[in-house]
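The lines below spell out each chain.
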Amino acid sequence: ARGAGCPRLSALATDLRLQTLGVQRSHNERRKETEVVNAELGALRTETEAVLNRHHLVLDTPEAKRASSTLREQEEARAAEALKAQEAETESQNGSDDEEDDDEEGVNG
């Protein structure tokens, strides 16, 4: 074999083999870690789907539909009250502006 008699070349070849084995071990360890993480993600995905399915089953019950309808009605009533209050505030501001305009016309007129 070429360079077989050269101790420095033999030492470099040995060092290269050791580094290669180290890289392979490291690669295998990372691959195992990745497989574990992927398995955990799969389990999490499965659990999430099960929770969503239970959630949908609960939402389809008459009790949930009644509660949802009640909440929607309450929210619509709050929104209507807020709109009325906003309209009243706008009218109040417009009325103040009209009075100021009347006062200015009286002074200038």
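The rules behind each value
- Residues numbered from 1 in each chain as written.
- Predicted model: local features only at pLDDT ≥ 70, side-chain atom pairs only at ≥ 80, totals over all residues.
- Heavy atoms only, no water.
- Patch = residues over 30% accessible without salt bridge, like charges linked within 9 Å, V, L, I, M, F, W, Y side chains within 5 Å.
- Areas by Shrake-Rupley, 256 points an atom, 1.4 Å probe, with all protein chains shown as cover.
- Salt bridge = Lys/Arg side-chain N within 4 Å of Asp/Glu carboxyl O.
- Helix = DSSP H or I, 4+ residues; strand = E, 2+ residues; numbered from the N terminus.
- Buried < 20%, exposed > 50% of the residue type's maximum accessible area, 1.4 Å probe, protein only.

Caption draft 1: Quick look at a nonpolar patch on the surface. On the surface, a cluster of nonpolar side chains totalling about 260 Å² of accessible area is made up of Val37, Leu41 and Leu44. Considering the arrangement of structural elements, one finds Leu41 in helix α1 (residues 7–59). With relative accessibility at 39%, the residue Leu41 sits in the partly exposed group.

Caption draft 2: Examining the pattern of salt bridges more closely. In this structure the tally under the stated criterion is two salt bridges. Put simply, Arg30 and Glu33 hold a salt bridge, and the shortest N to O gap is 3.5 Å. On the criterion of helical spacing, the pair formed by Arg30 and Glu33 is a turn pair, its members being three residues apart in helix α1. Given a relative accessible area of 43%, Glu33 falls into the partly exposed group. Glu75 is paired through a salt bridge with Arg78; the nearest N and O atoms lie 3.1 Å apart. Taken together, the positions of Glu75 and Arg78, both in helix α2 (residues 62–108) and three residues apart, correspond to about one turn of that helix. Look at Glu75 and you get partly exposed, because its relative accessible area is 44%. Overall, Arg78 belongs to the partly exposed group, its relative accessible area being 49%.

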